[in-house]
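One letter stands for each residue in the lines below.
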Amino acid sequence: MTNGKLMVLTGPSGVGKGTLVRSLLQRHSQLHLSISVTTRSPRPGEVEGQHYYFVSRNQFSEMIAAGDFLEWAEFTGNFYGTPIAPVKQQIQQGKFVLLEIELEGARQIRNTFPEALRIFILPPSWDELERRLRSRGQDSEEAIARRLQRAKEEIDAAGEFDFQIINDDLAETLKRLESVLFIPG
Ligand code: 5GP
C-alpha cells in the first residue's frame, strides 16, 4: 500500500463529520470514501452499500475471523468495521481513501498504518454538540446518552491525532480540512 494516501476522520457523534465528508467528496473527485460494515440497524433513508453494509452479528464475527477488516470496533453496542480489500485496491491505484471512523478504529490504524493522516473534528462547545445530537432526531434518548458519554472519551483523546479542527462554520472547516488533507507529499 504505497501509492495512494489513507486519511482518517474521527470525532464525536453529532460533530458533523457526515456533512463534511459529503462536501469533500463533491469537491474532490480523487477522494474515495470507504463504506463500512455495521451491525447497527439502518436509519430511515440509509441505503445498503451507500451508507453502510448492514450485516448480522454472526456475519460480522465471520468477517473478523476471515481477516476481512482493516480495523473494527464496538461503538455504543454495535460493531463497525472497514473492509480491507477495497481500501488496498484504491490505495494501490494511487487514490486518496477517506475513513470516517471512531476512536478505537483510528488507534488501530495508527498501529497498522502509521503513515495514515489522522484528523480529529471537535465541536465548538459541549452544549453545541449535545444540541446537534438531539436535533438529528434519529436516535433514542438512551442512544443519545450513550453517544454523549462516548463523545467525552473521544474528545479527551483528540490530542493523539495529527490535526484537530473545530467545526464551527462549515465553509471555514472545509477550508481547514482541505489544507491538511491536500498537503503535498
Ligand atoms: P453511526 O452509528 O452514527 O453511523 O456511527 C457511529 C460511529 O461509528 C461514528 O463515530 C462513526 O465514525 C463510526 N464508524 C463508522 N464506520 C466505522 C468503521 O468502519 N470503523 C470504526 N472503527 N468506526 C466506524
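Residues numbered from 1 in each chain as written. Predicted model: local features only at pLDDT ≥ 70, side-chain atom pairs only at ≥ 80, totals over all residues. Heavy atoms only, no water.

*Asks:* Could you give an account of the sheet that holds strand β8 (residues 117-122), naming the residues involved and the relevant values?
*Replies:* If you walk across this open sheet you meet the five strands as β2-β7-β1-β8-β9, and the pairing is parallel. This sheet does not close on itself; its edge strands, each paired only once, are β2 (31-33) and β9 (163-166). Each strand of the sheet is rotated relative to its neighbour by a mean of 25°, with strand direction disregarded. Relative to strand β7 (residues 96-100), β2 runs parallel, the two sharing three bridges. Within β7, the residue paired with His-32 across the bridge is Val-97. Contacts from helix α4 (residues 103-112) reach β1 (5-10), β7 and β8 within the one sheet, and its direction differs from that of β1 by about 150°. (Pairing = 2+ DSSP bridges. Helix = DSSP H or I, 4+ residues; strand = E, 2+ residues; numbered from the N terminus. Axes fitted to C-alpha atoms, helices over the stretch in contact; angles between N-to-C directions. Contact = heavy atoms within 4.5 Å.)

*Asks:* Just give me the short version of the site of the ligand, but keep the residues and values in it.
*Replies:* Residues in contact with the ligand amount to 16 residues; listed here are only the nearest, Ser-36, Arg-40, Tyr-52, Tyr-80 and Glu-100. One nitrogen or oxygen atom from the side chain of Thr-82 is found 3.4 Å from an oxygen atom belonging to the ligand. Interatomic distance of 2.9 Å between a side-chain N/O atom of Arg-147 and an oxygen atom of the ligand. Surface burial for the ligand is 95%, taken as the share of its 510 Å² of free accessible area covered by protein chains. (Near = heavy atom within 4 Å. Polar contact = N/O pair within 3.5 Å; in protein donor to acceptor, adjacent residues only side chain to side chain. Areas by Shrake-Rupley, 256 points an atom, 1.4 Å probe, with all protein chains shown as cover.)

*Asks:* Can you tell me about the layout of surface pockets, naming the residues and giving the values?
*Replies:* Taken as a whole, the largest pocket encloses approximately 1,100 Å³ of empty space. In terms of lining residues, the largest pocket is bounded by 37 residues, among which Gly-18, Arg-43, Glu-46, Tyr-52 and Glu-100 are the most central. The set of elements that each furnish at least two residues to the lining of the largest pocket consists of α1 (17-27), β5 (69-75), β6 (78-83) and α6 (141-156). Tallying contributions element by element places α1 first for the lining of the largest pocket, with six residues. Residues that form the lining of the largest pocket fall into these classes: 12 nonpolar, 13 polar and 12 charged. Within this model, the second largest pocket holds a volume of roughly 170 Å³. Every residue lining the second largest pocket is listed: Arg-40, Ser-41, Arg-43, Pro-44, Thr-76, Asn-78, Gln-138, Asp-139, Ala-143, Arg-146 and Arg-147. The leading source of residues in the lining of the second largest pocket is α6, at three residues. Counted by class, the lining of the second largest pocket contains two nonpolar, four polar and five charged residues. (1 Å grid on protein atoms, 1.4 Å probe; cavity = no way out; pocket = protein on both sides within 12 Å on 5 of 7 lines; lining within 4 Å. Points joined across faces, edges and corners; volume = space filled by probe spheres on them. Nonpolar A, V, L, I, M, F, W, Y, C, P; charged D, E, K, R; others polar.)

*Asks:* Hey, could you go over the environment of Ser-34 for me, with residue numbers and the actual values?
*Replies:* Along the polypeptide, Ser-34 turns up in the loop between β2 and β3 (37-38). Given the relative accessible area of 13%, Ser-34 is considered buried. Taking the C-alpha atoms as reference, Ser-34 lies 6.6 Å from Val-97; in sequence the two are 63 residues apart. If we ignore the near neighbours within four places in the chain, the residues touching Ser-34 are Thr-82, Pro-83, Val-87, Val-97, Leu-98 and Leu-99. (Buried < 20%, exposed > 50% of the residue type's maximum accessible area, 1.4 Å probe, protein only.)

*Asks:* For the packing of aromatic side chains, give the residues involved together with the corresponding values.
*Replies:* Following the criterion strictly, the structure yields nine aromatic pairs and no others. In textbook terms, an aromatic cluster arises when at least three aromatic residues are bridged by ring pairs, as seen for Tyr-52, Phe-54, Phe-75 and Tyr-80. Above the plane of the ring of Phe-96 lies Lys-5, whose end atom (NZ or CZ) is 5.4 Å from the centre. Sitting above the plane of the Phe-161 ring, Arg-118 keeps its charged end 4.7 Å from the centroid. (Phe/Tyr/Trp six-rings, centres within 6.5 Å; stacked < 30°, edge-to-face > 60°. Lys NZ or Arg CZ within 6 Å of the ring centre and 35° of its normal.)

*Asks:* Can you lay out the sheet that holds strand β4 (residues 53-54) for me, pointing to particular residues and giving the numbers?
*Replies:* Reading across the sheet, the four strands line up as β4-β3-β6-β5 and stay open at both edges, with mixed pairing between neighbours. Bordering the open sheet on either side are β4 and β5, each of which pairs with just one other strand. Sheet analysis places β3 next to β6, joined by two bridges and oriented antiparallel. Bridge assignment links Val-37 to a residue of β6, and that residue is Gly-81.

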